[in-house]
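Summary of structural features
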Amino acid sequence: IRWPREPFAVVANLPFAGGTEILSSLLGDPEVPLRHAELVLQWEVAAKRASVWPSTLLGVVWGALYDLGLARRLAPSAFAPPPPVDAGVLRAVRRRQPLVSARDLAAYTAFVRRAFEARRPVRKVLPPRRAKRLADELGFAPDALPRDLDARQWAAVFAATSRAR
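Described below are features of the structure shown in this document.

Rules used throughout
Position labels on residues start from 1 in each chain and follow its written sequence. Given that the model is predicted, a residue must reach a pLDDT of at least 70 before its local features are reported, and side-chain atom pairs must reach 80 or more before they are shown or counted; all residues, however, enter totals for whole chains, interfaces and linings. With hydrogens and water set aside, each side-chain value is computed from the structure's full complement of heavy atoms. In plain words, nonpolar cores are sets of buried Ala, Val, Leu, Ile, Met, Phe, Trp, Tyr and Cys residues tied together by side-chain atoms within 4.5 Å. The buried label goes to any residue with under 20% of its type's maximum accessible area, the exposed label to any with over 50%, and the partly exposed label to all in between, with areas taken from a 1.4 Å probe on protein chains only. Secondary structure elements are taken from DSSP: a helix is a run of H or I of four residues or more, a strand is a run of E of two residues or more, and numbering for both begins at the N terminus. Contacts are assigned to residue pairs with any non-hydrogen atoms lying within 4.5 Å of each other. Throughout, the arc means the angular range of directions from the helix axis out to the C-beta atoms. Think of it this way: a Phe, Tyr or Trp ring, Trp meaning its six-membered ring, pairs with another when their centres are within 6.5 Å, and the plane angle makes it stacked under 30 degrees, edge-to-face over 60, tilted otherwise. To estimate how far a helix should reach, multiply one less than its number of residues by 1.5 Å. Contacts described as polar in this section are N or O atom pairs within 3.5 Å, which, within protein, must combine one atom able to donate a hydrogen with one able to accept it, while residues neighboring in sequence count only if both atoms come from side chains.

Moving on, we get to the nonpolar core. Ranked by internal contacts, the top residues of the largest apolar core, which has 44 residues, are Leu27, Leu34, Tyr108 and Trp154. It is helix 4 (residues 105-118) that provides the largest number of residues to this core, a total of 6 residues. With residues near it in sequence (within four places) discarded, Leu34 still touches Phe8, Ala9, Val10, Leu26, Leu27, Tyr66 and Arg94.

In structure tokens, the structure reads:
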């Protein structure tokens, strides 16, 4: 998909079968000048992407640039023909101040991906002292799993880890 080069907003009913791919194109590229989106998706997808906990890799990465929220639930009867499942409206509003800079987004994504793929407590993917200090500072449990941290916490962990290198 070729998105506009000027800042824009989107209101769309995305296909239930390809919603995540379209979201990745729209929300995953810091060069796309999206300001605001109201997107109708399958309920489970909208709820998962807007969820603070448990967080997901995509939610944490997209959450660095956008404030994601669930605007409402839509029953199948709101559509003609009605789909077999409920829908939800995912709201994405670009952060005035991103949690991670556009130039660092690829490194941030790789950092978070490694943690999520390790499927181990955050303290196991960071040096022990740093993990304890960050857990205390950012308010997560020492044995927290990657899904237990939100986008703000992950951005702060990334920033602290990047500064320490």
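There is more to say, and it comes next.
Before going further, it helps to spend a moment on helix 6 (residues 128-138). The complete set of buried residues in helix 6 reads Ala131, Leu134 and Ala135. Down the axis of helix 6, the sector holding all buried residues measures 105°, keeping them to one side. Along helix 6, the residues that are exposed and aim more than 90 degrees away from the buried face are Arg129, Lys132, Asp136 and Glu137. Positioned one or two residues after helix 6, Gly139 has a phi angle of 80°, which is positive.

Enumeration according to the criterion identifies 5 aromatic pairs in this entry. Relative to Phe8, the ring of Trp3 has its centre 6.0 Å away and its plane inclined at 10°; by these criteria the two rings are stacked. Trp3 gets classed as partly exposed once you look at its relative accessible area, which sits at 22%. In this structure Phe8 comes out as buried when scored by relative accessible area, which is 12%. Centre to centre, the rings of Tyr108 and Phe158 are 5.4 Å apart; their planes meet at 75°, and the pair counts as edge-to-face. Of this pair, Tyr108 sits in helix 4 while Phe158 sits in helix 7 (residues 151-164), and the two are 50 residues apart along the sequence. Like Tyr108, the residue Phe158 is buried in the burial classification. An aromatic cluster is defined as three or more aromatic residues linked by ring pairs; in this entry it consists of Tyr108, Phe111, Phe116, Trp154 and Phe158.

When the terminal C-alpha atoms of helix 4 are compared, their 20 Å separation across 14 residues agrees well with the 20 Å that a helix rising 1.5 Å per residue should span. For helix 4, the full list of buried residues reads Leu105, Tyr108, Thr109, Phe111, Val112, Ala115 and Phe116. In a view along the axis of helix 4, the buried residues occupy a sector of 165°, so they form one face of it. Of the residues in helix 4, the exposed ones pointing more than 90 degrees away from the buried face are Ala106 and Glu117.

Mapped onto the secondary structure, Val93 falls in strand 4 (residues 87-94). Here Val93 falls in the partly exposed class, since its relative accessible area comes to 29%. Separated by 25 residues in sequence, Val93 and Leu68 have C-alpha atoms that sit 6.7 Å apart. Here Val93 is in contact with Arg35, His36, Leu65, Tyr66 and Asp67, once residues within four sequence places are set aside.

Looking at the secondary structure, you find Thr56 in the loop between helix 2 (43-50) and helix 3 (57-63). A polar atom in the side chain of Thr56 sits 3.2 Å from the side chain of Arg49. Within the structure, Thr56 has its side chain in polar contact with the backbone nitrogen of Gly59 (distance 3.0 Å). If sequence neighbours within four positions are ignored, Thr56 has contacts with Lys48, Arg49 and Phe116.

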